[in-house]
Amino acid sequence: MSQSQTRKRVFIDGEAGTTGLGIRNRLSTEAADTIELVSIADADRKNVDAKREILASVDAVVLCLPDAAARETVALCDALDGGGPIIVDASTAHRVADGWTYGFAELSADQATAIRGSRRIANPGCYPTGAIALIRPLVDARLISTDMALTVNAVSGYTGGGRQMIEAYEARSAPAFQLYGLGLTHKHLPELKTFSRLTTMPIFVPSVGNFPQGMLVSVPLHLSALAGQPSLADVRQALRGHYETADVGGEPLIQVANDHHAAYGDGRLSAEELARTDKLQLFAFGREGSGNDGGQCVLVARLDNLGKGASGAAVQNLKLALGLV
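What counts as what
Residues numbered from 1 in each chain as written. Predicted model: local features only at pLDDT ≥ 70, side-chain atom pairs only at ≥ 80, totals over all residues. Heavy atoms only, no water. Pairing = 2+ DSSP bridges. Helix = DSSP H or I, 4+ residues; strand = E, 2+ residues; numbered from the N terminus. Axes fitted to C-alpha atoms, helices over the stretch in contact; angles between N-to-C directions. Contact = heavy atoms within 4.5 Å. Expected span 1.5 Å × (residues − 1). Buried < 20%, exposed > 50% of the residue type's maximum accessible area, 1.4 Å probe, protein only. Arc of directions from axis to C-beta.

(A) Structural view of the sheet that holds strand 10 (residues 215-222). One open sheet holds the 7 strands; their spatial order is 8-9-7-10-13-12-11, and the pairing between them is mixed. Because the sheet does not close on itself, it has two edges, and the strands there are strand 8 (177-179) and strand 11 (254-256). Across the sheet, the axes of successive neighbouring strands diverge by a mean angle of 15 degrees, strand direction being ignored. Taken together, the 4 bridges between strand 7 (residues 151-157) and strand 10 define a ladder with antiparallel strand orientation. Along strand 10, the bridge assignment pairs Asn153 with Ser218. Across the sheet, helix 6 (residues 126-140) lies against strand 7, strand 9 (203-209), strand 10, strand 12 (280-290) and strand 13 (293-303), angled at about 30 degrees from strand 10, the strand it touches most.

Dropping the structure here:
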């Protein structure tokens, strides 16, 4: 049997966009022996019959499309024999939808197994990836109550904002830093709340800076407001304990900094250090309290908005669903 017959066939619907290009580049370099990439001709991108034919011939499709277009491709797949190929959807369309598996492999001890057994996987958003990675372990450890009112702040590189934002920053016509989403209805909020296991919607304040790739997501906490009034060491151990049980079938992408990590010493953290990687680092900065001062903590996640926050996560999910890891 030839190599092309044994490799899994994968179609990236929307491969010309930022996320699609990132996925294609990763698969071309990391999985050339196991995955054959299938493309649609530019002239046929809006040809439903041509797309249907490709969908019927591949093992998996990755959707890098606006929400409405993603739903249209899913409908085409659903109408095929056997439900069509495995779908990894990088849009927002199905992240909290029934019948879809949330593609955060480290979410719980059995999430990677759920992804391996699923044919419909919703790739997480970049901001929720960082926020959920920080909050969910403390909810599961019963340090954060599900009804606790939380604030999530974040800054991302401008490549997370789509073509118009990228062009504005690269033309130097955009501001160096800007807050946005100040209507407090950001499209990432439903998944952030759902998969953090919160019952109270958090306040989420995103921002964008004048750098291409990288992200910091932070959650401030009063230690005295947490169950049992834990120490910083207790918070860090809850994070470490959560990710020690996550079996993702490959090199772990999430690292919880230990008490002696260099970043804890000078109180500074760069958003760009993990740019162009698929890693995610978690920190718990703060100070212990005394007397009437219960102490404070700032949880911080650092990642690449196009890595673990987008293309890297999609490739991880694709490999799990195709049984390649």
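(B) Region of the structure containing helix 2 (residues 18-30). Given a rise of 1.5 Å per residue, 13 residues ought to cover 18 Å, and the 18 Å separating the end C-alpha atoms of helix 2 matches this to within 8%. Among all positions in helix 2, only Gly20, Gly22, Ile23, Arg26 and Leu27 are buried. Along the axis of helix 2, the buried residues cluster in a sector spanning 160 degrees; they form a single face. For helix 2, the secondary structure elements touched by its buried residues are strand 1 (8-13), strand 2 (35-38), strand 3 (60-63) and helix 11 (307-321).

(C) Examining the environment of Ala32 more closely. Mapped onto the elements, Ala32 comes out in the loop between helix 2 and strand 2. Looking at Ala32, the relative accessible area reads 33%, which means it is partly exposed. Linking Ala32 and Glu244, residues 212 residues apart in sequence, is a C-alpha distance of 30 Å. For Ala32, the residues in contact, after removing those within four places along its chain, are Arg7 and Leu27.

Geometric values such as these leave the question of function open.
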